[in-house]
Amino acid sequence: MEIKIYADHAATTALSHAAYEAMLPWLQSKYGNPSTLYSLARDPRRAVAHSREVIATAINADPSEIFFTSGGTEADNWAVKGTMFQHDRGEGLITSAIEHHAILNSCAALERMGYAVNRLPVDQLGFIHEETLRSALTDNIRLVSIMLANNEIGTIEPVGKLVEIAHQAGALFHTDSVQAIGHIPLDVKALQVDMLSASAHKFNGPKGIGFLYVRNGVRLIPLLDGGGQEHGMRAGTENVAGIVGMATALQEHLEHLEQETEYLKLLSCRLIEQLKAIGVDFCINGSESRIPGSLSLSFKGADGEMILHRLDLMGTAVATGSACDSKDAVLSHVIRAIAVPQEYAYGTIRVTLGMDNTPEQMDIIAHQISTILR
Ligand code: PLP
C-alpha cells in the first residue's frame with residue numbers, strides 16, 4: 001500500500017530539499033578526504049569546519065565542543081560509556097525509566113560490567129521530579145543522563161533544574177536531545193548540560209549522522225580508536241556530505257521554528273478535536289509541555305498494533321506505543337512507566353506530525369481511526 005499520510009516524524013523525516021542540494025557536491029565532484037594534504041581536501045575540510053560552526057551557533061556552543069558521530073545511538077553510547085569507563089566499577093550513574101534504548105541498553109551493558117545504574121521513575125505525565133533525583137544522588141554517582149524530550153510521549157523534561165541538582169552533587173549531566181533539537185529552542189549554556197546528543201534524520205537531515213556536544217573541560221574517553229579525526233576523539237573518515245546536510249537542515253528548522261511550532265500545534269489540535277467530535281474514547285499521554293506535533297494517543301479497549309496495521313492498509317503511517325512479540329502485545333517501557341490505565345494502554349499509537357502534513361489529513365486520520373475502532 002502506498003503511504004499517503006506520513007505521521008511518524010519521530011521515527012525519521014524526509015531529507016529536506018536544501019539539505020539534499022547542499023550534500024550533492026560532497027558526494028561527487030568534491031569527494032576528497034578532509035584529512036589528506038592535497039588541494040582536493042581543502043574544500044571538504046572547510047565544509048566540515050563551517051558546518052561545525054553552524055551547529056555550534058545553533059545550540060550556543062563553541063565549535064570545539066561539537067564532535068560528529070554516526071547518529072544519536074553512537075552519541076548516547078559515547079556519553080555514558082566514555083564517562084563511566086574513567087571510573088572504577090562499583091561507581092554509578094543515574095538515568096530515567098523512559099529513556100530511548102540507546103541509553104537504556106548502554107546502561108545495561110555498564111551494569112553487566114559492574115557499574116551501578118539507578119533508573120528513576122517518572123510521574124503520569126512522564127516528568128522526573130527534582131526530589132526523586134536529589135534523593136538518588138549518592139557519593140558514587142558520576143553521571144546523570146536524562147533525555148530532553150521523550151520519543152514516545154513527547155514530554156519535555158525540566159533538564160535545566162535537574163542539571164543544577166546533579167552538579168551540586170558533583171555529577172556530570174548528559175541529555176539525549178535527539179527528539180528535541182530543531183523542534184524547540186535549545187541553548188547548552190542556559191541548560192548548563194555537560195554533554196548533549198543529536199541526530200540529523202529527526203530534523204530533515206540525512207540518516208547516519210549526528211553529533212555529541214561535549215562542554216570544554218569535560219573529560220571523555222574515545223570509543224572509536226583509529227585515526228586522529230575529531231581532535232583524536234572519534235576516529236573515522238568524516239561523513240562530509242552528511243555533516244553538511246545536517247548543518248543545513250538544522251539551520252533551516254531553526255529559521256522557521258516559530259511558524260513550525262504554531263503550525264504543528266494547530267495540526268495536533270485539529271486531530272484531537274476531530275477525534276472528540278467523532279466520539280472516540282481516548283486519552284492523550286504525556287504532558288502539555290511536549291514536542292510540537294507529537295501525540296501519544298490511547299484508545300479504550302483497542303489494540304495499538306491492530307490500529308497501526310489497519311491504518312497502514314489505508315495509506316497512513318503511525319507508530320505504536322507498544323512493541324509486539326509473537327504471542328502477547330507487550331506494553332512499551334514508557335507507557336508502563338507513566339501508568340496509562342490498563343483499558344487504554346494496549347490501544348496506544350504515536351502520531352508525530354511534520355510540516356508536510358495538512359489540516360485535511362488530520363480529518364482523514366480521525367475518520368480512519370473511528371472506522372477501525374467501529
Ligand atoms: N535517542 C532518541 C530519543 C531517539 O528517539 C532515537 C531514535 O529514535 C535515538 C536516540 C537514536 O538515534 P539514531 O537513530 O540516530 O541512532
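One numbering rule holds for all chains: residues counted from 1, following each sequence as written. Owing to the predicted nature of the model, reporting of local features is limited to residues with pLDDT of at least 70; listing and counting of side-chain atom pairs is limited to 80 or more, with chain, interface and lining totals taken over all residues. Heavy atoms throughout the structure, all of them, feed into the side-chain values; hydrogens and water do not.

**Looking at the sheet that holds strand S4 (residues 116-120)**
Part 1 of the reasoning: In spatial order, the strands read S2-S8-S7-S6-S5-S3-S4; together these 7 strands make up an open sheet with mixed pairing. Pairing within the sheet leaves two strands with one partner each, and these edge strands are strand S2 (66-69) and S4. Taking the axes of each pair of neighbouring strands and ignoring which way they run, one obtains an average angle of 20° across the sheet.
Part 2 of the reasoning: Two strands pair when backbone bridges link them, and strand S5 (residues 141-145) and strand S6 (residues 172-176) are joined in this way by 3 bridges, in the parallel orientation. One requirement defines pairing of two strands: DSSP has to find at least two bridges between them. Strands here are runs of E lasting at least two residues and helices are runs of H or I lasting at least four, both read from the DSSP assignment and numbered beginning at the N terminus. Note on geometry: axes are lines fitted to C-alpha atoms, helical ones only across the stretch in contact, with angles between N-to-C directions running from 0 to 180 degrees.

**Focus on the packing of helix H10 (residues 257-278) against helix H14 (residues 359-373)**
Part 1 of the reasoning: The geometry of H10 relative to H14 is characterised by a closest axis approach of 9 Å and an angle of 35° between their N-to-C directions. When the axes of H10 and H14 are compared, the crossing they make is right-handed. Contacts from Tyr 263, Leu 266, Leu 267, Arg 270, Leu 271, Gln 274, Leu 275 and Ile 278 of H10 reach H14 at Pro 359, Glu 360, Met 362, Asp 363, Ile 365, Ala 366, His 367, Ile 369 and Ser 370. By the definition used in this description, the sense in which the near helix is turned from the far one sets the handedness, with an anticlockwise turn below a right angle giving left-handed and a clockwise turn giving right-handed. Contacts between residues were defined by any pair of non-hydrogen atoms, one from each residue, lying within 4.5 Å.

**Considerations on the nonpolar core**
Part 1 of the reasoning: In this text, buried Ala, Val, Leu, Ile, Met, Phe, Trp, Tyr and Cys residues form a nonpolar core when linked through side-chain atoms within 4.5 Å. Partly exposed residues are those whose accessible area sits between 20% and 50% of the maximum for their type, while under 20% is buried and over 50% is exposed, using a 1.4 Å probe and protein chains only. In terms of nonpolar packing, the biggest core is built from 65 residues, with Ile 59, Ile 66, Val 144, Phe 173, Val 193, Phe 211 and Tyr 213 touching the most fellow members.
Part 2 of the reasoning: Counting residues per element, this core draws most heavily on helix H9 (residues 240-255), at 8 residues.
Part 3 of the reasoning: Core analysis: the second largest hydrophobic core is formed by 24 residues, Phe 282, Leu 295, Leu 353 and Ile 365 among them.

**Comments concerning the packing of aromatic side chains**
Part 1 of the reasoning: Pairing of aromatic rings covers Phe, Tyr and Trp, the last counted by its six-membered ring, and requires centre-to-centre distances within 6.5 Å; plane angles under 30 degrees mean stacked, over 60 mean edge-to-face, and any other angle means tilted. Tallying each qualifying case throughout the model produces 2 aromatic pairs.
Part 2 of the reasoning: Between Phe 67 and Trp 78, the ring centres sit 5.9 Å apart and the planes meet at 80°, which makes this aromatic pair edge-to-face. Linking Phe 67 in strand S2 with Trp 78 in helix H3 (residues 72-84), this pair joins segments that are 11 residues apart in sequence.
Part 3 of the reasoning: Here Phe 67 falls in the buried class, since its relative accessible area comes to 7%.
Part 4 of the reasoning: Judged by its relative accessible area of 1%, Trp 78 falls in the buried class.

**Notes on the site of the ligand**
Part 1 of the reasoning: Residue proximity to a molecule or strand is established when one non-hydrogen atom of the residue lies within 4 Å of it. Taken together, 13 residues surround the ligand, and among them Thr 73, Asp 176, Gln 179, Ser 199 and Lys 202 come closest.
Part 2 of the reasoning: By the criterion applied in these results, polar contacts are pairs of N or O atoms within 3.5 Å in which, for protein atoms, one can donate a hydrogen and the other can accept it, and in which residues neighboring in sequence qualify only through two side-chain atoms. The side chain of His 100 places a nitrogen or oxygen atom 3.4 Å from an oxygen atom of the ligand.
Part 3 of the reasoning: Between the ligand and Asp 176 there is a distance of 2.6 Å, counted from a nitrogen atom to a side-chain nitrogen or oxygen.
Part 4 of the reasoning: Note on areas: Shrake-Rupley with a 1.4 Å probe; residue coverage comes only from the protein chains shown. For the ligand, whose unbound accessible area comes to 390 Å², protein coverage reaches 85%.
Part 5 of the reasoning: Per-element tally for the shell around the ligand: the top contributor is H3, with 3 residues.
Part 6 of the reasoning: Only Asp, Glu, Lys and Arg are considered charged in this grouping, and only Ala, Val, Leu, Ile, Met, Phe, Trp, Tyr, Cys and Pro are considered nonpolar; every other residue, Gly among them, is considered polar. For the shell around the ligand, a count of residues per class yields 2 nonpolar, 8 polar and 3 charged.

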